Amino acid sequence: MGNKSSRISDLLLLVLDDLSQEDFKRFKDKLSYSDLEGKRFIIPRSRLENADRVDTKNLLLKCYGGDDAIDVTIQVLSDINQKQSAAKLRKEKEKGLVSGQKALEISPKDYRIKYREYVWEEYQVIQDKNALLGQWVNLNRRYTQLLIIQKHCLLEEKQHEIMSTGRKHANMMGKQASPGSIATSFDPDDNRVNPRTVVLQGPAGIGKTMTARKIMLDWAVGKLYQGKFDYAFYINCREINLMTEQQSLIDLIFWNCPERNAPLEDIFANPERLLFIIDGLDELKFSLESNEEHLCFDPSQKKPVKVVLRSLVRKSILPKSYLIITTRPIALEQLQKCLKYPRYIEILGFSEKDREEYFYKYFGNERQAVQAFGVVKANEMLFTMCFVPIVCWIICTVMKQQMDRGEDLVQTSKTTTCVYMFYLTSLLRDHSPVLERGKQKHFQNLCLLAREGVLTRKILFEDDDLQKHGLKEADIRSLFLHKKLFQQDIDCQSAYSFIHLSFQEFFAALSYLLEEIPEMADKSDCCYEDVRKLLKDFGEGGNEYLVLTVRFLFGLLNEKSRKTIEKSLGCKICSETKQVLLDWIEAEVASKSCQKQSEIFCCLYEIQEEEFVGRAMDCIPEIKLYDNCLGNTFNSLVISFCLRHCRKEQSFHLGYLLFLSSLYFNGRVDENLPLLFEGLKDPRCNVREICFKRCNLRAASFEILTSVLTMNQHIREFNLQQSDLGEVGVIKLCQALKHPNCKLQTLSLLGCNLTAACCVNLASVLCKNQSLLELSLGHNEEMGEAGVQLLCEGLQHPNCKIVSLRLDSCGLTEACWEAFLAALKTNQSLRELDLQNNDDLKRYLEADKRSRIRKLKQRNFRIQIIL
């Protein structure tokens, strides 16, 4: 039998290969429409549309079996006037090449085994959305457990879930999740009722189809519903939409079978041992509601495919069979009218642990997975949206490509706007390739609904809200709005929401940028006024709820993102809005000394355009960062990015040069500092002053920080006040200060717990660095007499150019005064010596102050002593 099947396969492929491209196209067209003699099954056009010659050969063999496939091919070839090819194939058949007995009947038990093997082969692999030819992924190696819930949540719970972010959001999802699983979905409920229909619901991209395929695979290998179902059949509603010929339920079953010789009598003998998985019911182009006369009751009865599927769902066919139906929530209301005692299960998405597991499974490399997940976890919004499996896939795919190109994952990671845009375009590609002309207005209305909700702090919308925006019957709502039913007093209330508040904010931002459809184009000036009002409201205190909307507004104006959105939506983005954003930044800085500075940086990071960011940074004279602004990798990445775009440009404002001149940081420093330092090292960074206060730098961080001094020659002032450097830190600092590229002029090490050993290295700096003019070493009592004497030796060196030396509160003594006198014999550059709050020295000088001061002045008459 094996040799025969192989010969038939080879012969069919040989005949199809002989056809020209045009004739092959006609062959497939005829094959999908012909009334084939004696053949009750026709291959749907949807299966043939993109099939090549090998695919078509396989479809013929699958649908009709070996001998019948030959007969069908001969008939279709004759119908398209390829009589020579038809005669050749007929001759080969008559010669006995493909003649012989029909396929031997096999026992029902053997067929069940064979069918399970077939299902395993069909469902063990999947293709990613961006897969190239021949690229497949093992489903078990990729599939990650999803949180499910079998109860209805309260309205307040849903509101908190939608609004929460980061770990809080993950914890809320975990609390809602039910202890049950897909495996127990047909178990009796509290009333001891066994459901025969399970509805698996969730928003687009949450993993419904992947779960449906995993059910098929686990059933095939005996891991799921063991002993409960003899057969499981998968029905894809997208393919149902493309079927134009009448079908029977048997025809739909045959699509799941490896051959046409399925033992139908055995299959239908025990309908209670049949499971049908209907995937994507919300995508059907027809209603399930119908009168009884529009149903069928016989599995072999041919009817329009919508009647057959409607009958299966409503249980007029095989009423004892079991169903698993996947759908978006928008179809639940219609579905509820058609089902008897269904069990509803909602897919919530990935828990925090599941998200991490998905990264490990995707990358298959622990080092890469840890690195990628670490970057995502640092970005609160990306981490939050990773509860949606398709978002996890998008992020992993982009990061894997970056790793393959050898890019620094932290430096080149995609912005939040970019990931949300990929999510939007992915949903549109899968469910509506390009928005039709009439639906563009619906999409704009959806964005306006989102905006209205953001501005009024509303996240759950009612039917009246949808009606107001013309969305009550719009198809677009089912793709982006999640419908939920809540109990309210003695009634039920339905409400709609976006999958998460952040996605609502993304749509709200889009509403400010989408140009109106042509008939309303004359109102385009309103767009700018709306943006100005949004930014004005955001700039005022207490309006933090607008943060993400404004960030997305910036991100969507990135040129690449703008073109992607325009291509996907068929709508234009108003790019001239960029000037409005620049005007706002300039006004914000001028009027409020940049109180929202860190948020402006986040906005600039989202837009990722060098010229725009450079112009914006020109407006900011001073960067001040406080408290936990570097508390995670993302914030450090944002600041580092902005530092890279500090251009050396002069603009006059209030009579002085206004360019980026200072960088202050006050607070704790952790492992995220090295990322910030990388921004400071960039040759484009024009920072003049760095001030780190009370920072306990780690050795690795300090080494990177000091390397900034050798790589960025714009830096003139360096303040490490009250930072515990330690001897190793001082050594690293002094090595940098002695580097010929270091152009530092002012160094402050006030209160840094310096010791005499530290002064050895500082003295060597005074001998080597001729650009250093001011040195502040106050509040370092541990230096002692020995330390001061070492410093004075450095002051005596002819290369020393120090003009100001501050040694207040350092516990100086009489011996220190003598060391100063010795130093000033040769040092003529020192103009200021601060010796305040040194009690022992003060008492010594007061004994003969005039004489002793005069003696020092004789050595350097220009010096000013501060006591």
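In short, a report on the structure. Everything numeric here is computed off the predicted structure, so don't read it as measured data.

1. Structural notes on the pattern of salt bridges
Tallied over the full model, the rule gives 32 salt bridges. A salt bridge links R551 to E599; the nearest nitrogen and oxygen atoms lie 2.6 Å apart. Highlighted residues: R551 in helix α27 (residues 547-555) and E599 in helix α30 (residues 597-607), separated in sequence by 48 residues. On the basis of relative accessibility, which here comes to 17%, the residue R551 falls in the buried class. In this structure, a network of salt bridges that share partners links the residues E610, R644, D682 and R684.

2. Some words on unusual backbone geometry
The phi angle at Y225 is positive, at roughly 55 degrees, despite the residue not being glycine. Relative to the assigned elements, Y225 resides in the loop between α10 (208-220) and β5 (231-236). On the accessibility criterion, Y225 (8% relative accessible area) is buried. Phi is positive for Q722, close to 60 degrees, though the residue is something other than glycine. Mapped onto the secondary structure, Q722 falls in the loop between β16 (717-719) and α35 (726-737). Of the residues examined, Q722 reaches a relative accessible area of 40% and is grouped as partly exposed.

3. Some details on the nonpolar core
Among the nonpolar cores identified, the biggest contains 275 residues, and F480, F507, L510, L604 and F820 are the most heavily contacted of them. Other than its neighbours up to four places away in sequence, F480 contacts L424, L427, L428, F443, L446, S497, F498, I499, F503 and F507.

4. Here's the deal with the packing of aromatic side chains
Going through the model one piece at a time under the given rule, you end up with 36 aromatic pairs. For the pair F186 and Y322, a centre-to-centre distance of 5.1 Å together with 85 degrees between the ring planes defines the contact as edge-to-face. Within this pair, whereas F186 is found in the loop between α9 (166-176) and β4 (197-201), its partner Y322 is found in strand β7 (residues 322-327), the two being separated by 136 residues in sequence. There is no split in this pair, since F186 and Y322 are both buried. Considering the side-chain rings of F443 and F480, the 6.2 Å spacing of their centres and the 75 degrees angle between planes classify their relative orientation as edge-to-face. One end of the pair, F443, is in helix α22 (residues 437-455); the other, F480, is in helix α24 (residues 476-480), with 37 residues separating them in the sequence. With a relative accessible area of 0%, F443 lands in the buried category. We classify F480 as buried; its relative accessible area is 4%. In this structure an aromatic cluster arises from ring pairing among Y420, Y423, F443, F461, F480, F498, F503, F506, F507 and F552. Sitting over the face of the ring of F383, R355 holds its NZ or CZ atom 4.8 Å from the ring centroid. Directly above the aromatic system of Y512 lies the positively charged group of R451, at a separation of 3.9 Å from the ring centroid.

5. Topic: the pairing of β5
Most of β5 is tucked away, with five of its six residues classed as buried. Here six bridges tie β5 to strand β6 (residues 274-279), and the two strands are oriented parallel to one another. Bridge pairing in β6 links I235 to I278.

6. Some details on the packing of helix α25 (residues 501-513) against α27
It is the contact of α25 with α27, at a shortest axis distance of 8 Å, that shows an interaxial angle of 50 degrees. Taken together, the axis directions place α25 and α27 in an arrangement best described as oblique. The crossing of α25 and α27 is right-handed. Here α25 contributes S502, E505, F506, A508, A509, Y512 and L513 to the contact with α27, which in turn contributes L548, T549, F552 and L553. For the contact of α25 with α27, the class distribution of residues is eight nonpolar, two polar and one charged.

7. A closer look at the environment of M172
Structurally, M172 is set in helix α9. Along the sequence, M172 and S351 sit 179 residues apart, while their C-alpha atoms lie 9.5 Å from each other.

8. Considering the sheet that holds strand β8 (residues 343-349)
Strand order in this open sheet of six strands is β3-β8-β4-β7-β6-β5, and the pairing throughout is mixed. Sheet topology places β3 (147-149) and β5 at the edges, where each strand pairs with a single neighbour. Neighbour-to-neighbour, the strand axes of this sheet turn through a mean angle of 20 degrees, independent of strand direction. As judged from the five bridges shared by β4 and β7, these two strands associate in the parallel manner. Across the sheet, residue V198 finds its bridge partner in β7, namely I324. Across the sheet, α10 lies against β4, β5, β6, β7 and β8, angled at about 155 degrees from β5, the strand it touches most.

What counts as what
Residues numbered from 1 in each chain as written. Predicted model: local features only at pLDDT ≥ 70, side-chain atom pairs only at ≥ 80, totals over all residues. Heavy atoms only, no water. Salt bridge = Lys/Arg side-chain N within 4 Å of Asp/Glu carboxyl O. Helix = DSSP H or I, 4+ residues; strand = E, 2+ residues; numbered from the N terminus. Buried < 20%, exposed > 50% of the residue type's maximum accessible area, 1.4 Å probe, protein only. Core = buried A, V, L, I, M, F, W, Y, C linked by side-chain atoms within 4.5 Å. Contact = heavy atoms within 4.5 Å. Phe/Tyr/Trp six-rings, centres within 6.5 Å; stacked < 30°, edge-to-face > 60°. Lys NZ or Arg CZ within 6 Å of the ring centre and 35° of its normal. Pairing = 2+ DSSP bridges. Axes fitted to C-alpha atoms, helices over the stretch in contact; angles between N-to-C directions. Parallel < 35°, antiparallel > 145°, perpendicular 65-115°, else oblique. Left-handed = near helix turned anticlockwise from the far one by under 90°. Nonpolar A, V, L, I, M, F, W, Y, C, P; charged D, E, K, R; others polar.

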